[in-house]
Each structure stands twice: as C-alpha cells, then as structure tokens.
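The primary structure of each chain is shown beneath.
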Amino acid sequence: MVLWPAGVNKSAYGMNTGVKENIKMTEFESGKARSFLLNSAPKHTFSFNIDFWSDEEERAFWTWYDHVLLSGSESFLFPDLFTHTGNTEYIMTDTPSVSGQMPKTVSITVREV
C-alpha cells in the first residue's frame, strides 16, 4: 500500500458508487442452484473525477502512477469515499484518463481493498 502523492488534489467529485458482485452461483447437474456469499463485507466501487490545476500536478500524478503505484498494481490510501471520515485503502480497476486543458480532469475508477 502506498500513499497518495503529495501536492496532488484529493477533492473528488462527480462520483458514481456501486458494489462489487459478492455472490457466487453454483448450478448442480440436477438443476438445483445454490448461491454463496464470497465476502462477509461487500466491497464498494467508485468512479470519480479530480481536477489538475497545473502541469506540475499532472506530472506528479503520472510519475506516482507509473513508478510508485506501478501502473495500478499497488493499493493506495485515499480519503474514504463512502463515509467521508479518515482514509481507506483502494486499488484502481481501470487506467485513469485525463481530459480538458486547464483545469485538466482525471477520471479514476477504484474499489475498496
């Protein structure tokens, strides 16, 4: 687990929230089906936007993403997007994308670890 990069905005907006599928279905040869709970606590998923207000902030984010987060393979601490108290560990589920000019908007999709 790594920390969010210093000097990069943490103000998330435009958030969509969901829950990662938490049930496994098994169908037997007889035709009966059973469902099983995968985790006792379902993991939430979030997609949100963050604005970059300078080229330096964008460079700091991509340097962190490539060399510290290792292209999204590591988890990271970020302010809790569900309860809005404290920090929570997340992992990126998609590669972030940037649009716009100034401010540049990065779109990020994560799930709780």
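To be clear, the structure that these remarks concern was listed above.
Definitions and cut-offs
Residues numbered from 1 in each chain as written. Predicted model: local features only at pLDDT ≥ 70, side-chain atom pairs only at ≥ 80, totals over all residues. Heavy atoms only, no water. Buried < 20%, exposed > 50% of the residue type's maximum accessible area, 1.4 Å probe, protein only. Helix = DSSP H or I, 4+ residues; strand = E, 2+ residues; numbered from the N terminus. Core = buried A, V, L, I, M, F, W, Y, C linked by side-chain atoms within 4.5 Å. Contact = heavy atoms within 4.5 Å. Phe/Tyr/Trp six-rings, centres within 6.5 Å; stacked < 30°, edge-to-face > 60°.

The omega angle of the peptide bond from Met102 to Pro103 is 5°, so this bond is cis rather than trans. A positive phi angle, close to 55°, is found at Leu70, a residue other than glycine. Residue class for Leu70 comes out partly exposed when judged on its relative accessible area of 43%. One non-glycine residue with positive phi stands out, namely His84, at about 65°. Along the polypeptide, His84 turns up in the loop between strand 6 (76–79) and strand 7 (87–92).

On to the nonpolar core. Trp4, Phe61, Trp64, Phe76, Met92, Ile108 and Val110 are the most contacted members of the largest nonpolar core, which totals 19 residues. Where this core is concerned, the elements lending two or more residues are strand 5 (44–52), helix 1 (55–67), strand 6, strand 7 and strand 9 (104–112). Look past the residues within four positions of Trp64 in its chain and what remains in contact with it is Val2, Leu3, Trp4, Pro5, Leu69, Leu70, Phe76 and Met92.

In total, this model carries 14 aromatic pairs according to the counting rule given. Relative to Tyr90, the ring of Phe46 lies with its centre 5.9 Å away and its plane at 85°, an arrangement referred to as edge-to-face. Of this pair, Phe46 sits in strand 5 while Tyr90 sits in strand 7, and the two are 44 residues apart along the sequence. Aromatic pair Phe61 and Tyr65: ring centres 6.4 Å apart, planes at 20°, arrangement stacked. Of this pair, Phe61 and Tyr65 both sit in helix 1, separated by 4 residues, roughly a single helical turn.

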